[in-house]
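# Descriptive structure summary
Each chain is listed here by its residues.
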Amino acid sequence: MCSATATNAVDPKIIDLLNKDPEGLAHVSLEYFPPRTEQGVKNLHARMERMLTNTKCLYTDMTWGAGGSTAELSLDLALHAQKTGHVSNLHLTCTNMEKDGDPIKGVHDALQAAFDGGIRNIVALRGDPQEGENEWTATKGGFTCALDLVKYIRKEFGDDFGVSVAGYPEGHPNRISELTEDEVKSMSESELSRCCTHDGITYVCKDDDYKKEMDYLKEKVDAGADFIITQMFFDAEVFKTFVEDCRTWGINCPVVPGLMCINAYPGFKKMTKFCKTRVPKALEEKMDSMKDDADAIKKFGVEYGAEVCRTLLDSGVKILHFYTLNLEKVVYGITDELGITSGLTEQSNESDAKDMVAVGSAWARAGDTIKCSAGQGVVKEIKSDGAAVVEIDGKDVQLAKGSYEKVF
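What counts and what doesn't
- Residues numbered from 1 in each chain as written.
- Predicted model: local features only at pLDDT ≥ 70, side-chain atom pairs only at ≥ 80, totals over all residues.
- Heavy atoms only, no water.
- Helix = DSSP H or I, 4+ residues; strand = E, 2+ residues; numbered from the N terminus.
- Buried < 20%, exposed > 50% of the residue type's maximum accessible area, 1.4 Å probe, protein only.
- Contact = heavy atoms within 4.5 Å.
- Areas by Shrake-Rupley, 256 points an atom, 1.4 Å probe, with all protein chains shown as cover.
- Pairing = 2+ DSSP bridges.
- Expected span 1.5 Å × (residues − 1).
- Axes fitted to C-alpha atoms, helices over the stretch in contact; angles between N-to-C directions.

## A few points about the overall build of the protein chain
- Assigned secondary structure in the protein chain consists of 13 helices and 17 strands.
- A total of 408 residues make up the protein chain; the buried ones form 53% of that total.
- Of the contacts made within the protein chain by residues no fewer than 6 positions apart, 73% connect residues no fewer than 24 positions apart.
- Accessible surface computed for the protein chain: about 18,700 Å², of which carbon and sulfur atoms make up 48%.

Printed below as a string of structure tokens:
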């Protein structure tokens, strides 16, 4: 068990807050990530304070960078949030957490520091691959998955922390398969409802794999997770089906919808392709029609986001969890449109947007555009040493780590 050395006021557990009905239309929760620069961190502090005051968010998530890249900064920002009035929900992953030769000491120390700082809520995640790696691998002797982390928290810290886990309405990206033409023609009704198409290729989490995903999610909840926060989705019907499936599987905890705000066309296209996210045809066509009009995209992001939220609220959802991308305009637009808030859109200020890029965003991965002394190209492969195989003017070029820069 952890030592009870906390001296600050401690946060309530989020599950206890979720079990209370919202005073208004719905609860709001907000998620941020660690920025790459010191100025970005200062600006984020100010934005978090404004958004807490303006939205009265129930809790605030702080992400943990891919490969443990932002471990110290994520913890610092989560502790700052806790000290400035937020109910802090710290993301914690299994990746690259070796310390002093111990593969899990970094995890324990992070949990202890969070506890000592008054944080009482953790999002237990496996995590993304480390820099230069396309596939996730476990550290020898360390955790192999989020389930291990949930079990460890409960074993070492008992009920001191509230624990949430990720849920994937369309299936985890690692379980989403590229289909052949024959497989596309023979998809089941459930597969048709969650499949996606990107660049003319159809992908889906097949029914057998989806069942494995749901079985695993049940294990995480049975091991001690209090509630689920979902991966982003743009089709509300997919979320509703996922909640129904959770109940069928005997998963009866709250399921919080994770809502990605549409802020810009390039980011939307890249993210949905990378995560193999289902994009309804009408949404895809609308986005493509205004791809060169940044202001129109943001305006539409508000309209579409509000439409999805209304569908969710009508289905009984009591909380809306926004992936803010460290920005505020679209979030404010949606909450104003829904009537949760009023007059915030006019107050929004995103003049600091250039400072709000995530630490992990500096890493190039397959499919990213990079620039170097030879010109600009698309990454085809990232090698274990960080070198990149890049297609430039139709030719494959290998670039050493540090000799290229990702284009945002």
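## What about the sheet that holds strand 7 (residues 196-198)?
- If you walk across this open sheet you meet the 3 strands as 6-8-7, and the pairing is antiparallel. Every interior strand has two partners, whereas the edge strands, strand 6 (177-178) and strand 7, have only one.
- Sheet topology note: the strand 7/strand 8 (residues 201-204) ladder contains 3 bridges and is antiparallel. Paired with His198 across the two strands is Ile201, which belongs to strand 8.

## So, helix 2 (residues 38-55)
- Between its first and last C-alpha atoms helix 2 spans 25 Å; for 18 residues at 1.5 Å apiece the expected length is 26 Å, and the two agree.
- Where helix 2 is buried, its residues meet strand 1 (27-32), strand 2 (60-62), helix 3 (71-83) and helix 13 (329-338).
- Immediately downstream of helix 2, the backbone of Lys56 shows phi near 55°, a positive value.

## What about the pairing of strand 14 (residues 375-382)?
- Pairing geometry for strand 13 (residues 369-372) and strand 14, over 4 bridges, is antiparallel. For Cys372, the partnering residue across the bridge sits in strand 14 and is Gly375.
- Turn length for the strand 13-strand 14 hairpin, with the two strands adjacent in sequence and antiparallel, is 2 residues.
- By the bridge criterion, 4 bridges tie strand 14 to strand 15 (residues 388-392) in an arrangement that is antiparallel. Bridged to Glu381 within strand 15 is Val389.

## A short note on the sheet that holds strand 5 (residues 162-167)
- A sheet is described by the order of its strands in space; here 9 strands give the open sequence 10-9-5-4-3-2-1-12-11, paired in parallel fashion. Every other strand in the sheet has two partners, leaving strand 10 (255-256) and strand 11 (258-260) as the edge strands with one partner each.
- In the packing of helix 5 (residues 146-157) onto the sheet, contacts are made with strand 3 (88-93), strand 4 (121-125) and strand 5, and the angle to strand 4 comes to roughly 145°.
- Of the strands in this sheet, strand 1 and strand 12 (319-323) are in contact with helix 13, which crosses strand 12 at around 160°.

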